[in-house]
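What follows is each chain in one-letter form.
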Amino acid sequence: MNYSEQEVLQYVQEEDVKFIRLAFCDVFGRQKNIAVMPEELPRAFAYGISFDASAITGFGGEIHSDLLLHPEADTLTLLPWRPEHGKVVRMFAAVTYPDGRPFECDTRSFLKKAADSAGEAGFQFFFGAEQEFYLFCLDEKGEPAKLPYDRAGYMDIAPDDKGENIRREICLTLEQMGIHPESSHHEEGPGQNEIDFRYSHALTAADNAMTFQTVVKTVAARNGLWADFSPKPLTDLPGNGFHINISVKADDGSDNLSFVMAGILDKVKDMTIFLNPTDDSYKRLGHKKAPGYISWSRENRSQLIRLPAAIGQYRRAELRSPDPLANPYLAFALLIYAGMEGITGKLALPEPADLNLYKAGTDALTRFERLPENVKSACQAAAESPFIENYIPAAILDIYCRQGGYPYQPVGGRKL
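Residues numbered from 1 in each chain as written. Predicted model: local features only at pLDDT ≥ 70, side-chain atom pairs only at ≥ 80, totals over all residues. Heavy atoms only, no water.

Participant: Help me out: how do you make sense of the overall build of the protein chain in this one?
Facilitator: Counting its regular elements, the protein chain contains 12 helices and 16 strands. For a compact globule of 416 residues, the expected C-alpha radius of gyration is about 22 Å, and the protein chain comes in at 21 Å, within 12% of that figure. Summarising its shape, the C-alpha atoms of the protein chain cover approximately 65 × 50 × 45 Å along the three principal directions. When burial is assessed residue by residue, the protein chain has 55% of its 416 residues classed as buried. For the protein chain, long-range pairs separated by at least 24 residues make up 71% of all intrachain contacts whose partners lie at least 6 apart in sequence. Accessible area for the protein chain stands at about 18600 Å²; split by element, carbon and sulfur atoms hold 48% of it. Positive and negative side-chain charges in the protein chain, numbering 43 and 58 respectively, have mean positions lying 4 Å apart. (Helix = DSSP H or I, 4+ residues; strand = E, 2+ residues; numbered from the N terminus. Rg over C-alpha atoms; globule rule 2.2 N^0.38 Å. Buried < 20%, exposed > 50% of the residue type's maximum accessible area, 1.4 Å probe, protein only. Contact = heavy atoms within 4.5 Å. Areas by Shrake-Rupley, 256 points an atom, 1.4 Å probe, with all protein chains shown as cover. Lys, Arg positive; Asp, Glu negative; His and termini not counted. Charge placed at Lys NZ, Arg CZ, Asp CG, Glu CD.)

Put into structure tokens, the structure is as follows:
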């Protein structure tokens, strides 16, 4: 539901809300928040809430580190796992400097700008997310272990699939928050699961992707488990993908999906560091149904982009290279910009790769360009790209490629 500021104030008073979380994320898409009491909410709407950003990755050092959070009323949602009495709600917030200037490393505002730019040109982009995750048991100290919650396989059912009730709880929790999953199932790996969402506007889809990971981790913890979204939790077993379904609607009713696909294929190498930000990301690509080459085809899961079997409003392109550690705001924004370059340049799609790239011989593969094979080559592609220079703030590129890269350290042998 889209609330106004006045409606939020009224809701907080009538529903016994005691804490309001103002949510944002760092440049790598790791969610953060500050909780304020109800009496601070009018000030938050009018002036913003100041916070020390010096310890937030990519948000600066100790000098001039104060930034402001401005809650967006239309993102209000109840956190249903918090107490019924003294409720907790959450709103996403824009980040600005004290003088009101937008903060360049606020990636949510970056996506909003990209979507608005496309809208002004007469195009609306929609995204549907498919995120995979593993459920692991905890050890005797309550720390995450490498023991999968079950040994089920692709689309297995209970009792082999022990994650069935976990996925059910996740989906019902999301519904309570106004987010409606489309489907869920056990994935190929032991203890691996997937929950998919129907398409929505870019900003809503990215917000939902952020909320989804929070809900999954919360529900897993409540059930004595650890949810792992890292790209390669277990060696020699399938990695976790963040498959992104993309569609576009033009004000004039024209069909531009092929141009969008061509634009993304043309720029995907340049943007890979933002879709696959960790060393482990590149252990996934090219293995166990994760793409390694820049290619496309219809209904072919060995390709980077595939066109699923669908008609009418459900027609879309699926990008299969990103993993769940990608910042969805950056990822969706770059896909919009690449798609728009494909539209404005009327780029032609290359010939479809109607073969199984996982089983193709060396001769067949030589005609396809590879995705970057490690962080270093992905950063080099981004640094040399006029496309990235044009759209990505220099501060964000510097953080991804020159300041140590993805900062979060392994827990239990896996990336957080």
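Participant: Whenever I open this one, the pairing of strand S7 (residues 123-138) confuses me. Can you help?
Facilitator: With 14 of 16 residues buried, S7 is to be regarded as a mostly interior element. As defined by bridge partners, S7 adjoins strand S13 (residues 242-250) across nine bridges and the pair is classed as antiparallel. Its bridge partner lying in S13, glutamine 131 is registered against phenylalanine 242. Bridge analysis of S7 against strand S11 (residues 200-201) gives two bridges, and the strand direction is antiparallel. Bridging across to S11, phenylalanine 127 finds its partner in serine 200. With five bridges connecting them, S7 and strand S10 (residues 192-197) associate as antiparallel partners. Within S10, the residue paired with glutamate 132 across the bridge is glutamate 194. (Pairing = 2+ DSSP bridges.)

Participant: Whenever I open this one, the side chain of histidine 186 confuses me. Can you help?
Facilitator: By the secondary structure assignment, histidine 186 is in strand S9 (residues 181-186). A distance of 3.1 Å separates the side chain of histidine 186 from the backbone oxygen of glycine 153, its partner in a polar contact. Among the polar contacts made by the side chain of histidine 186, one reaches the main-chain carbonyl oxygen of glutamine 192 at a distance of 3.3 Å. Every residue in contact with histidine 186, bar those within four places of it in the chain, is listed here: Asp150, Ala152, Gly153, Tyr154, Met155, Asp156, Asp161, Arg167, Gly191, Gln192 and Asn193. (Polar contact = N/O pair within 3.5 Å; in protein donor to acceptor, adjacent residues only side chain to side chain.)

Participant: Got a minute to help me understand unusual backbone geometry in this structure?
Facilitator: Where the residue is not glycine, phi is negative for most of them; where a peptide bond is considered, it is trans in most cases. Residue proline 159 is bonded to the preceding alanine 158 through a cis peptide linkage, with omega at 10°. As for its placement among the helices and strands, proline 159 is situated in the loop between strand S8 (144-148) and helix H4 (164-176). At aspartate 16, a position not held by glycine, the phi torsion is positive, near 60°. With respect to the element layout, aspartate 16 can be found in the loop between helix H1 (5-14) and strand S1 (17-25).

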